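A look at the structure
Given next are the chains, with one letter for each unit.
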Amino acid sequence: IRDDAAEASSYVANYIIDRIKHFNPSPASPFVLGLPTGSSPLGVYRILVEKYKAGVISFENVVTFNMDEYIGLPRDHPESYHSFMWKHFFSHVNIHPNNVHILNGNAANLEAECVEYEAKIKAAGGIDLFLAGIGEDGHIAFNEPGSSLASRTRVKTLAYDTILVNSRFFNNDLEQVPKMALTVGVQTVLEAREVVAIILGARKALALQRCIEQGVNHMWTLSSLQLHPHPMIVCDEDATLEL
Ligand code: GLP
């Protein structure tokens, strides 16, 4: 628990930097980083960019896999997760574009896209560290309430609550919010060697409480981290209101 969002973001960014450095990645053995979108990781990305510019960390031998992407939103739409990631992180660091993986929500065959994504993660040697945020309903990636804890990368229909919350990015117009997404599964996340979730603000307080003080429950999919051998939740004071 850190005092505020800035402190929590700084902790997570420095933790990721330490893990990458300790791993000492090379072209033959890159560090594989799983990444989320949303407002929660923005501070982390900002600090990682600053540290890269200060020469503290290199992303030359880092391979990334993003958690999810909307279905049917053009790749260059300002709210696509492709646009988000390039705008806030990838464009500002020395990552090789071939090392960036984001699900293609416009693939002709979405099921095949999901199977291929899992295969690419496997071929990369699995994910070393998966950074995550959560939704107000406790979802991890787009694993909405009710998702199987054994789920893998797949097509998911978004919960009404998620569509409502995300409408702020689409002129508050529910019609414009994509209703479906591609997402890594709960099991995909759990297979990462380490999972770090950043949880900020009072609007996440109920989800945090349900996910760590109650049992593992597919209605609050972040609670699956209780099954993971190396999970870490970094939150600010506001997110602890219900603990
Ligand atoms: C979306 C993403 C999640 C993210 C969540 C929370 O639903 N698919 O991965 O955790 O938004 O976003 P925010 O951090 O803006 O609250």
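Now for a quick tour of the structure. If you're wondering where the values come from, they're calculated on a predicted model, not measured in any experiment.

Cut-off values and rules
- Residues numbered from 1 in each chain as written.
- Predicted model: local features only at pLDDT ≥ 70, side-chain atom pairs only at ≥ 80, totals over all residues.
- Heavy atoms only, no water.
- Helix = DSSP H or I, 4+ residues; strand = E, 2+ residues; numbered from the N terminus.
- Buried < 20%, exposed > 50% of the residue type's maximum accessible area, 1.4 Å probe, protein only.
- Pairing = 2+ DSSP bridges.
- Axes fitted to C-alpha atoms, helices over the stretch in contact; angles between N-to-C directions.
- Contact = heavy atoms within 4.5 Å.
- Salt bridge = Lys/Arg side-chain N within 4 Å of Asp/Glu carboxyl O.

**Side note on unusual backbone geometry**
One non-glycine residue, Ala141, adopts positive backbone phi at about 55 degrees. As for its position among the elements, Ala141 is in the loop between β5 (129-132) and β6 (154-157). A positive phi angle, near 55 degrees, is found at Asn172, a position not held by glycine. One can find Asn172 in the loop between α5 (160-166) and β7 (180-183). In this structure Asn172 comes out as exposed when scored by relative accessible area, which is 59%.

**A closer look at the sheet that holds β7**
Reading across from one edge, β3-β7-β6 is the order of the three strands in this open sheet, with antiparallel pairing throughout. Edge strands, defined here as strands with exactly one partner in the open sheet, are β3 (68-70) and β6. Looking at each pair of strands side by side, their axes are set apart by 30 degrees on average, direction ignored. Pairing geometry for β3 and β7, over three bridges, is antiparallel. Pairing of Tyr70 across the sheet is with Ala181, part of β7. In this fold helix α4 (residues 110-123) packs onto β6 and β7, with an angle of close to 120 degrees to the strand it touches most, β6.

**Some words on the pairing of strand β1 (residues 31-35)**
Burial runs high along β1: five of the five residues are buried. Alternating positions in β1 separate into two faces, Phe31, Leu33 and Leu35 on one and Val32 and Gly34 on the other, with burial throughout. Judged from the five bridges that link them, β1 and strand β2 (residues 62-66) form a sheet pairing that is parallel. Within β2, the position partnered with Gly34 by the bridge is Phe65. Note that β1 and β5 share two bridges and pair parallel. Among the inter-strand pairings, Gly34 is bridged to a residue of β5, identified as Phe130.

**Brief notes about helix α3 (residues 81-88)**
An α-helical segment advances 3.6 residues per turn. Residues three or four places apart therefore align on the same side. Tyr81, His82, Ser83, Phe84 and Met85 are the residues of α3 that are buried. Those residues of α3 that are buried lie in contact with β1, α2 (42-53), β2, β3 and α5.

**With respect to the pattern of salt bridges**
The tally for this structure, following the rule as stated, stands at five salt bridges. Taking the shortest distance from any N to any O, the salt bridge between Glu194 and Arg19 comes out at 3.0 Å. Here the residue Glu194 occupies a position in the loop between α6 (186-190) and β8 (195-199), and Arg19 occupies one in helix α1 (residues 5-23), the gap between them amounting to 175 residues. With relative accessibility at 9%, the residue Glu194 sits in the buried group. Arg203 is paired through a salt bridge with Glu136; the nearest N and O atoms lie 2.5 Å apart. Of this pair, Arg203 sits in the loop between β8 and α7 (205-213) while Glu136 sits in the loop between β5 and β6, and the two are 67 residues apart along the sequence. For Arg203, a relative accessible area of 39% puts it in the partly exposed group. Taking the relative accessible area as the measure of exposure, Glu136 reaches 34% and is therefore partly exposed. Salt bridges sharing common partners tie together Glu118, Arg152 and Glu191.

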